[in-house]
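Secondary and tertiary structure notes
Below are the chains, spelled out letter by letter.
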Amino acid sequence: MRDRPTLTLSVLLAVTLVATVAPPASASPTSSGERFQPSVTYDLSVTDAERDAIHAEVEALAGRVSSARAGDGTYNPLSLVGAMLDGSSYDSISRGGTAATEYPFPVSNTEANQNEYDRKVAKLAWVVKLATDLGFPVVVQRQADKYVYAEIGDPDAPEMVMALSHLDSPTSSVSPAQLARWRDADGNLGTPGAYHSPYVQDGWVYGAGIQDDSGPTLATLLAAKALLKAGLPLDRRIRIVMGIYEDGGPGTPTAANTANFQSIPYNSNPSFYDNWAYKNLNREETPIAAYTSDSRFPVIVGNSGSVTPAVSMSLSADSAKAFRLTDATAGVTLREGDPTLKDIAYGSTTQIASRAIFTLDVAGAGSAERDRFVSAIVAAATTKGWLPAASGTTPKVQTTISGDSLTLEINTDVAMEMPTPQYGKNAVVWGMFLLSKGLGSLGDTAADMQLKKAADGIADLFFRDGVEGEAYIGKYMGIPANLLRNASNGTPNLTFALMGNINSETPTRFYTDASGSLSMPMYVRSMHLNAADSGQATAAVTDAFQSKGFTIGSLGSPIGAGLYVTHDNPLTALQFGSYQASIDHSPQEFADPYSLRDVVYPQGTTGGTLASNFRNKMTAFGAVIPGNERWWHTANERMKVDSAVQMTKIMADGMLEMARYSGPAGAKFMWADMPGLNADRADLDLLDVTIGTYKDASPAVGANQLGSQALLGATSFNIPMWNGRGNTAPTQAAFALGHEPGGVYLPLNDAEYLNNSYVAPMRLEFKVERPDHMSDAAWAKFVAGGYGGFQFNILVGGAVVPLAVPAGQSADKYFSSRISATNPNAIYLSVNLAITDAPYAGVKPVLADSKTDLYKLNPTYLASNPDPFPGRGAVEQRGFFVFGDGQKNAEFSSPDAVYVTVANAAVDAKPSAVVKKLKGNTNELTITVKQTRIDGSESAVTGTFTINNNAAGTYTVGDYKVYVDTKGNTQVRSISIV
């Protein structure tokens, strides 16, 4: 229904702001012992029943099999596991090369890059067929060697949310050294083509790209398919974009190369090729909110800064003592019956020590002291649940004595990562904790040992009370509580990965007898906002280590982390809340993630992701789930089938949450040709619009403004213009500068800004949900406009300005409506506005040539070449209500409110009657009709009639005809409106 405005009646009673920003002081400090609560929260809309439906659809699409090989016909190719197997069978690894400098910018196809173009084209053709066979109503591919996207939802919905990830996997996993480690399905090493011969075995799916990022990308597609099957209400469209050039991709053509083909004002190149192809080459629609699956849950907000100081202590004073340390190494954990586990160390250098071996000289100790030492270690390990070992598993703690040498070996059984040390299981820390217990059992014998001092110090800093977790964000390092986490979203400001950079199955030494000194690298990641906070925190860290007797390298004041989204962006709160709700919904199914729930928050990551080129509109959301193993950039890349299903459920839940309005309204930004006004910045990629932009303004619209009208929806908003396209990840400091030099927003001294009047044409849409008091018939009448026309207004300085179509013009040019196929209990009403960055001087209705698809070819190119997509960038005449936003400040702001009303008609009427006996044969009949109006208010009309004898009959009461049936002369049998 595009010809009539439609509105959401949920605003009738009250519209609650979904994103709530509270003062930072409201966040609970970790020092209190209570769980930290971010100050920015989000009220989730997905219900338990809806989550049940989503998860059931994911399970139906999972396609679990106990054993399979790609192409063997034993699995469903249209299932999650089937798609992952088939997808990994394509060699789509990015091996470099170049992209052409002229349209269509094909990727080179050479012997050096193993015919990259042909390989990419083949996988993308398969993806197109997969999406089509899965029944997606929209499947789009612009060029054969570039991205594909599938979309669900009402095509008339003005806003779109997106997942954009990549189908290729990194070259690092197929280096000559890695290829020698790849095992085929029969366990043979180095079989040619093994990395693209995926298989399922022992609950794992193996194959190149299974976890980075072909598998997770296909999981997003299957998550959208689950939502498509579930048919749950959503307000926005959902788009799944599948790129194919994240790692080792071709060089991105220059901005000038692109501009020779595509006209893009204020152009700047994204850093990732897939983003360039999507945003610049084809100028696709920018999402209102998005994620990439190429990192970790619960949500990654940006790239962290880092320093790597060494933590050292001389143990030379122990040289003549029993239980002195002679050797210490750290590596990757061992697991019984898992010959591939060590290969994870050969991936990206992000492993924390999950195995540690300490060798001690016990020549000077008697058997009683040795037994006491070992018994103390075994007792501590047993108390922690590390012992005894389950049958058929590698013990987590082993002590052996051979002659005068005692060996303590730790295997945590989980390979852990440097970016997430707070999830624990650091084997070196475990070992130091156990050494502290063992040496402590010796009393005076070891009281003054340097090794005990070191062990006690590490145990206190990272394992106080036998708990890891927040110790790795500096909880016990003297950092002020308000600097441990960002108050808005809980992101750790610092994380400490002691003894990281494990990148070989050969253990790394951090102590030798010859050196006499412990020396452990500590990888410190920083997300601090400014140098003052960072300096205060790192000074506390230095003091903490020095007070324990350690020497620590310089921490400096690491700042400058690039942010995908601001810390207070409600998108982060939405995704964080959705992740928690997913695992809370079924703690048994998500047992490992659930066990870490109290230490899992949004955070930064190392390296970059595709989210870095969608400023303030995209995060990284997945693929690695806290508590589950990460296995990428390495031979025998794999993912547990259970993890893949968990990930898909989390993604589907998050997609649905993103696809629902977080406030009363949403908007589609357009281009329009209006004399004297520049609409070039009316592109969502040039505007700081988030899911929390459109705020509820219903309190601003009072009874004086409404009169006899019912308020259906009201919004206010403020939208700054970016200084350039959102192709960088700025710092928090740049956000704080705003429009000042160095800030992220358009400077107020910009020459073009000063010489232009910018305008933002938009289709502003209100969602009106059916209220509980409205019957089926009344709702049908409301949707059909049976209670009168919908009226849009703006409120400026307390004055109501109706948005009226000029005489002789069609209202369809200015207003529209839609009803979602998935939600019969909502109607969406839209009005076209054109807000200028200028003083307010009234409202002017204007007809203008306009378009919603901002695709536009360079006229020079078009003069000598055919348009490759003649259906794109179509111009249509639309009507707009044009008005200034009050001041020229490089922002587009609403007036006090933009709102929509309808006559506050009665939607329900319930009659009642009383007969009163008078003298003689006369009776008095009183009929009352109780009315419920659109806004839920109630009123009544009454009629009193004097009658003779029987009161049965039809009476007029106000606007109602009421039939009364009686039993005898005074008893009312029934009453109804006719």
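In this report, the structure presented in the accompanying data block is examined. (Residues numbered from 1 in each chain as written. Predicted model: local features only at pLDDT ≥ 70, side-chain atom pairs only at ≥ 80, totals over all residues. Heavy atoms only, no water.)

1. Considering the overall build of the protein chain
Looking only at helices and strands, one finds 20 helices and 47 strands in the protein chain. Summarising its shape, the C-alpha atoms of the protein chain cover approximately 120 × 85 × 60 Å along the three principal directions. The burial tally for the protein chain puts 59% of its 978 residues in the buried class. A separation of at least 24 residues holds for 76% of the contacts in the protein chain among residues at least 6 apart in sequence. About 34,100 Å² of surface is accessible on the protein chain, with carbon and sulfur atoms providing 50% of the total. Looking at the protein chain, you have 75 positive and 95 negative side-chain charges, and the mean spots of the two groups are 5 Å apart. (Helix = DSSP H or I, 4+ residues; strand = E, 2+ residues; numbered from the N terminus. Buried < 20%, exposed > 50% of the residue type's maximum accessible area, 1.4 Å probe, protein only. Contact = heavy atoms within 4.5 Å. Areas by Shrake-Rupley, 256 points an atom, 1.4 Å probe, with all protein chains shown as cover. Lys, Arg positive; Asp, Glu negative; His and termini not counted. Charge placed at Lys NZ, Arg CZ, Asp CG, Glu CD.)

2. Some thoughts on helix α2 (residues 48-62)
Its 15 residues give α2 an end-to-end C-alpha distance of 21 Å, which sits within 8% of 21 Å, the value for a rise of 1.5 Å per residue. Along α2, the positions that sit buried rather than exposed are Glu50, Arg51, Ile54, His55, Glu57, Val58, Leu61 and Ala62. Taken down its axis, α2 places every buried residue within 155° of arc, on the same side. What points out from α2, more than 90 degrees from its buried face, is the exposed set Asp48, Ala49 and Ala60. A positive backbone phi angle near 70° is found at Gly63, which sits one or two residues after α2. (Expected span 1.5 Å × (residues − 1). Arc of directions from axis to C-beta.)

3. Section: the pairing of strand β43 (residues 922-933)
Relative to β43, strand β42 (residues 906-917) is paired through 11 bridges, and the arrangement is antiparallel. Opposite Ser912, over in β43, you have Thr928 as the bridge partner. In this antiparallel pair of consecutive strands, β42 and β43, the connection spans four residues, and Gly920 shows a positive phi of 70°. The sheet contact formed by β43 and strand β44 (residues 938-948) spans 11 bridges and is antiparallel. Paired with Thr926 across the two strands is Thr944, which belongs to β44. Between β43 and β44, which pair antiparallel in sequence order, lie four residues; one of them, Gly936, sits at a positive phi of approximately 90°. (Pairing = 2+ DSSP bridges.)

4. Structural notes on the packing of aromatic side chains
Summed over all chains, the structure comprises 38 aromatic pairs. Between Trp722 and Phe735, the ring centres sit 6.0 Å apart and the planes meet at 75°, which makes this aromatic pair edge-to-face. Of the two residues, Trp722 is situated in the loop between β32 (718-720) and α17 (732-737) and Phe735 in helix α17; the sequence distance between them amounts to 13 residues. Members of the aromatic cluster, each reached through a chain of ring pairs, are Tyr103, Phe105, Tyr245, Phe261, Tyr273, Trp276 and Tyr861. The ring of Tyr346 has Arg181 lying over it, and the distance from NZ or CZ to the ring centre is 3.3 Å. Above the plane of the ring of Tyr266 lies Arg681, whose end atom (NZ or CZ) is 4.3 Å from the centre. (Phe/Tyr/Trp six-rings, centres within 6.5 Å; stacked < 30°, edge-to-face > 60°. Lys NZ or Arg CZ within 6 Å of the ring centre and 35° of its normal.)

5. Side note on the pattern of salt bridges
Summed over the entire model, instances satisfying the criterion amount to 52 salt bridges. Linking Glu57 and Lys229 is a salt bridge whose minimum nitrogen-to-oxygen distance equals 3.4 Å. Separated by 172 residues along the polypeptide, Glu57 in helix α2 and Lys229 in helix α6 (residues 214-230) bring together distant segments of the chain. Its salt-bridge partner being Arg335, residue Asp413 comes within 3.2 Å of it at the nearest N-O pair. Taken together, the residues Asp413 in the loop between β18 (405-411) and α10 (427-440) and Arg335 in the loop between β15 (324-331) and β16 (355-361) connect sequence positions 78 residues apart. (Salt bridge = Lys/Arg side-chain N within 4 Å of Asp/Glu carboxyl O.)

6. Describing the sheet that holds β18
Strand order in this open sheet of five strands is β17-β18-β16-β15-β20, and the pairing throughout is antiparallel. Of all the strands in the sheet, the pair left with one neighbour each is β17 (397-402) and β20 (508-512). Geometrically, the sheet is characterised by an average inter-axis angle of 15° between neighbouring strands, direction not taken into account. As paired elements, β15 and β20 share four bridges and run antiparallel to each other. Note on β20: the bridge partner recorded for Asp327 is Thr512. Sheet contacts for helix α9 (residues 367-383): β16, β17 and β18; angle to β17, the most-contacted strand, approximately 170°. (Axes fitted to C-alpha atoms, helices over the stretch in contact; angles between N-to-C directions.)

7. Some points on the packing of helix α3 (residues 80-88) against α6
Between α3 and α6, whose axes approach to 9 Å, the crossing angle comes to 140°. Along this stretch, α3 crosses α6, giving a crossing that reads as right-handed. Every residue of α6 that contacts α3 at Leu80, Ala83, Met84 and Gly87 is listed here: Ser214, Gly215, Leu218, Ala219 and Leu222. Class assignment for the residues of the contact of α3 with α6 results in six nonpolar, three polar and no charged. (Left-handed = near helix turned anticlockwise from the far one by under 90°. Nonpolar A, V, L, I, M, F, W, Y, C, P; charged D, E, K, R; others polar.)

8. Some remarks on the side chain of Arg239
Checked against the element boundaries, Arg239 lands in strand β9 (residues 237-243). Those residues within four positions of Arg239 in sequence are excluded, and the remaining contacts are Tyr149, Ala150, Glu151, Met160, Val161, Met162, Ala163, Tyr278, Glu284 and Glu285.

9. Notes on the side chain of Gln580
For Gln580, the location among the structural elements is in helix α13 (residues 570-585). On the basis of relative accessible area, Gln580 is assigned to the buried category, the value being 12%. Ignoring sequence-local partners within four residues, the contact set of Gln580 consists of Arg35 and Arg597.

10. A short note on the sheet that holds strand β7 (residues 199-201)
With antiparallel pairing, four strands are arranged side by side in an open sheet as β3-β7-β8-β27. Strand pairing shows two members of the sheet lacking a second neighbour, β3 (67-69) and β27 (638-640), which therefore form its edges. Each adjacent strand pair in this sheet contributes to an overall mean axis angle of 20°, direction not counted. Here β3 runs beside β7; their pairing, made up of three bridges, is antiparallel. Paired with Ala68 across the strands is Val200, a residue of β7. Its contacts with the sheet place α3 against β3, β7, β8 (204-206) and β27, and it is angled at close to 130° to β7.

11. A few points about the nonpolar core
Formed by 166 residues in total, the largest nonpolar core has its most connected members in Phe669, Leu764, Phe782 and Leu833. At 10 residues, helix α15 (residues 641-658) tops the list of elements feeding residues into this core. Those residues in contact with Leu764, other than ones at most four positions away along the chain, are Ala665, Gly666, Ala667, Tyr694, Thr715, Phe717, Leu829, Ser830, Val831, Leu833 and Val898. Among the nonpolar cores identified, the runner-up in size contains 71 residues, and Met313, Ala446, Met449 and Ile502 belong to it. (Core = buried A, V, L, I, M, F, W, Y, C linked by side-chain atoms within 4.5 Å.)

12. So, unusual backbone geometry
Following Leu387, the chain continues to Pro388 via a peptide bond in cis, the omega torsion being -5°. Take Pro388: it is sitting in the loop between α9 and β17. Phi is positive for Asp202, close to 55°, though the residue is something other than glycine. In this structure, Asp202 sits in the loop between β7 and β8. With relative accessibility at 66%, the residue Asp202 sits in the exposed group. Of note in this structure, Asn636 is not a glycine but carries a positive phi near 55°. By secondary structure assignment, the location of Asn636 is in the loop between β26 (623-624) and β27.

13. Some words on the pairing of strand β41 (residues 897-903)
Residues in a regular strand point their side chains to alternate faces of the sheet. Where burial is concerned, most of β41 is hidden: six out of the seven residues are buried. As judged from the six bridges shared by strand β31 (residues 709-716) and β41, these two strands associate in the antiparallel manner. Bridging across to β41, Thr715 finds its partner in Val898. Note: strand β34 (residues 791-796) against β41, five bridges, orientation antiparallel. Bridging across to β41, Asn793 finds its partner in Tyr899.

14. Quick word on the environment of Glu637
Positionally, Glu637 belongs in the loop between β26 and β27. Spatially, the C-alpha atoms of Glu637 and Gly347 are 9.3 Å apart, while their sequence positions differ by 290 residues. Not counting chain neighbours up to four residues away, the residues in contact with Glu637 comprise Ser169, Trp182, Val205, Tyr206, Gly207, Ala208, Gly209, Ile210, Gln211, Asp212, Trp631 and Trp632. Within polar-contact distance, the side chain of Glu637 engages the backbone nitrogen of Gln211 at 3.0 Å. (Polar contact = N/O pair within 3.5 Å; in protein donor to acceptor, adjacent residues only side chain to side chain.)

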